[in-house]
Amino acid sequence: MGHIVELENVNKIYGTNHVVKDLNLTVEEGEFLTLLGSSGCGKTTTLRMIAGFEEPTEGSIKVEGESIEEKEPFERDVNTVFQSYALFPHKTIFDNIAYGLKMKKVPKDEIKERVKEIMKLVQLEGFEKRYPSQLSGGQKQRVAIARALINKPKVLLLDEPLGALDLKLRKQMQLELKRLQKKLNITFIYVTHDQEEALTMSDRIAIMHDGILDQLGTPTEIYESPATKFVATFIGETNIFDGMVSLVNEDDVQVTIENGFISGKAEGFRFGEYITVSVRPEKMKYSDTHVHGFSIVGTVKDYVYVGSVIKCIVALPNGNELKLERLAGQSLPEIGSYIYPYWEKEDAVLIHSRENSIFEALDNITLA
Amino acid sequence: MEKSHSKHEWRANTLPAMVMVGPVTLVLLFLVVAPLIFVGIMSLCKTDEYYNVVYDFTLVNYAKLISPDYLKIYLQSLLIAFFTTVICILLGYPFSYIIARTKSKKKTLLYMLVIIPFWTNSLIRIYGWRTFLGSSGWLNSLLMLLHITKEPVDMLYKTGTTILGMVYCLIPFMILPLYTAIEKLDTSLLEASSDLGAKPVKTLFEVIIPLTSSGIFSGSIMVFIPCLGYFFVSNILGGGNTDVIGNLIERQFKSANNWPLGAALSIILILVTLVLVKIYQKLGGDMDSLGV
């Protein structure tokens, strides 16, 4: 497996709007990579730069080691599945799918053969003579995917392709897309704002925030050890504590927060620095008595039943709320009772806070 | 009970409707429908030796209209209209494309360039062309000044001059529907086409033109039909050598003073128009974009 797409120091600036900032990203051949982030984070712009619809203000984009920034979209060996499908309304499904091959002047018999084959693959047999307006959203989606895949692109770019579908169909298409990707062994770069979708489908996820790549990793890495506060809050549910390191004993870190102090295990933190601690609801524990390393106390406020799990809402003295998650059937404290929330120190994720830049700046001044 | 209910309904629905639609109906009735019926009747009338209208039924006016002299002018008129339409498409399409795809303030400016000439009477603008193109006009003066020609070039009173005037007068009617059609075009379709390997020219013929054909179509109708009737353009720029159907009608009503024959010609022109619009509709044209 080699690098198929390489983005080096890619920047995109529209007027005064810096949309993509110093993006470095390498996509491996045959992988399913998701660009994940909220709207306006630069993920779609990044995809459009790879497709050739936008030019990077700075930086280089390589496909199979060859720079492509200067190439027009029609000269690039990548294909796109558009969010709005962008099917040609005046062409039949057959002609829509055959479009790319027709442009490459592939012989007619071969076009017929290949269209037939791909239509079978996406389960659209019998729809050849219909027009896009006669299809449902899910069917249009399949046509859009078939139209792109038939060209055997080096990379398939997908821009929130499932955004317009209802939940049930979306779940089904997620699995189908994943199956197609595995079967054809084509590199997918997939843009979505849906973190669940990203976790389900991707080999690796690149999380973007305000034009910056916050973290790149496998779904497990991103879920278990988020690199920034944004990643921690964006992926799944979590409890966030902002505070300051008040005690460091090797890898044992104690953090003072508004409601007391908490603990975690991590290296590379020093006394006095700002820190964010993230603990997933399913890792949270509680006790009737004081636990070593933790001084926070809360009141059980409410329960929320979410199918197989129960979420327990705990209010802290300053009004902040914590979430504990338990499987249904496990014992839970009564509403109104006081509990001491805690967790295994290994289960907490400790994140350097961005506010430390001020701290470091002050440090440098004293040194100078 | 029943009666008061219907009275209430009359007040609530019928009365406002009548107030709203009434005046327009009256205007249309007296200024469009009645004159049309009158023209229809007149086309079936005879004239006496002094060309006074005699209300006596005859088909002789229509019989006259199939003489070779008239047929020649119909053909000439259709050809002028055809070339005018083709030139309007060729000039109007790129311009409309640019306006539709330009963003921000420039767009308004370009749009105004099309609209502003409308605010001046077209007769005056056509006279302007005659002055501009005449043997002592600006263009010839300029050509001689630059020593491109020694003598003034004879530019007036040719079929080409009439077509030029027609294009000038009618091109906004081509640009506006084209603009509407092109603006509706989804940019992602163009991106998709390019993404699938189509060069710009291919995208033009495979995607852009087919998807804006409705605009080309309604623009053509709106140029072609008036072109058959714009007699003043041919009068001023064609000098009587490039008659269109409109000229024949004008002549019968004015110099020849044969109103029944003029009426018959008018009816023919109306029928030609109706046939063209019907064809347009049959081919799937949108009546709304004609302003009908």
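Here the residue index of a chain counts from 1 through its sequence in written order. Starting at A for chains and at 1 for ligands, labels are handed out in the order in which the entities are written. Only residues with pLDDT of at least 70 are given local features in this predicted model, and only at 80 or more are side-chain atom pairs given and counted; all residues enter the totals for whole chains, interfaces and linings. Side-chain metrics rest on all non-hydrogen atoms present in the structure, leaving aside hydrogens and water.

This paragraph deals with the sheet that holds strand β6 (residues 78–81) of chain A. Residue and element names in this part refer to chain A. Here we have six strands laid out as an open sheet, ordered β6-β7-β8-β3-β9-β10, and mixed in their pairing. Only two strands of the sheet have a single neighbouring strand rather than two, namely β6 and β10 (212–217). For this sheet, the mean inter-axis angle between neighbouring strands, taken without regard to orientation, is 20°. Here five bridges tie strand β3 (residues 32–36) to strand β8 (residues 187–192), and the two strands are oriented parallel to one another. Bridge pairing in β8 links L35 to V191. The contact criterion used throughout is that any non-hydrogen atoms of two residues lie within 4.5 Å. Fitted lines through C-alpha atoms serve as axes, helices being fitted only where they are in contact, and the angles separating the N-to-C directions of these axes extend from 0 to 180 degrees. In this description a helix means any DSSP run of H or I spanning at least four residues, a strand means any run of E spanning at least two, and both kinds are numbered starting from the N terminus. Relative to the sheet, helix α4 (residues 137–149) contacts β6, β7 (155–159) and β8, its axis offset from that of β6 by approximately 175°. Paired strands, as defined in this entry, are two strands with at least two bridges between them according to DSSP.

All names here are of chain A. Domain delimitation follows an automatic or database domain assignment. Domain annotation for chain A reports domain 1 (3–229) and domain 2 (237–367). Its C-alpha centre places domain 1 at a distance of 38 Å from the equivalent point of domain 2. The interface of domain 1 with domain 2 comprises nine residues on the first partner and eight residues on the second. The quantity reported as buried area is the accessible area (1.4 Å probe) lost by two parts once they are put together, taken as the sum for both. Counting each side, the surface lost to burial between domain 1 and domain 2 is near 740 Å², with a carbon and sulfur contribution of 50%.

The next subject is the pairing of strand β17 (residues 309–315) of chain A. Residue and element names in this part refer to chain A. Judged by how many residues are buried, β17 sits mostly within the fold: seven of seven residues are covered. Here β17 shows no split at all, with V309, K311, I313 and A315 on one side and I310, C312 and V314 on the other all buried. In terms of strand pairing, strand β16 (residues 298–306) meets β17 through seven bridges, oriented antiparallel. Among the inter-strand pairings, V304 is bridged to a residue of β17, identified as K311. In textbook terms, the turn of a hairpin is the stretch between consecutive antiparallel strands, and for β16 and β17 this stretch comprises two residues, one of which, G307, has a positive phi near 60°. Two elements, β17 and strand β18 (residues 321–327), share seven bridges in a ladder whose sense is antiparallel. Accessible area is worked out with a 1.4 Å probe on protein chains only. A residue is then buried under 20% of its type maximum, exposed over 50%, and partly exposed in between.

On the chain A side, the residues contacting the 19 residues of chain B number 22 residues. In terms of surface lost to chain A, no three residues of chain B exceed D195, L196 and E206 of chain B, which account for 40% of the buried area on that side. The term salt bridge refers to a side-chain nitrogen of Lys or Arg lying within 4 Å of a carboxyl oxygen of Asp or Glu. One salt bridge in this structure joins E206 of chain B and K102 of chain A, with 3.0 Å as the shortest N-O distance. For the side of chain B that touches chain A, the elements supplying multiple residues, two or more each, are α8 (187–195) and α9 (200–229) of chain B. When residues are grouped by polarity, Ala, Val, Leu, Ile, Met, Phe, Trp, Tyr, Cys and Pro land in nonpolar, Asp, Glu, Lys and Arg in charged, and all others, Gly among them, in polar. Among the residues forming the side of chain B that touches chain A, the class breakdown is eight nonpolar, five polar and six charged.

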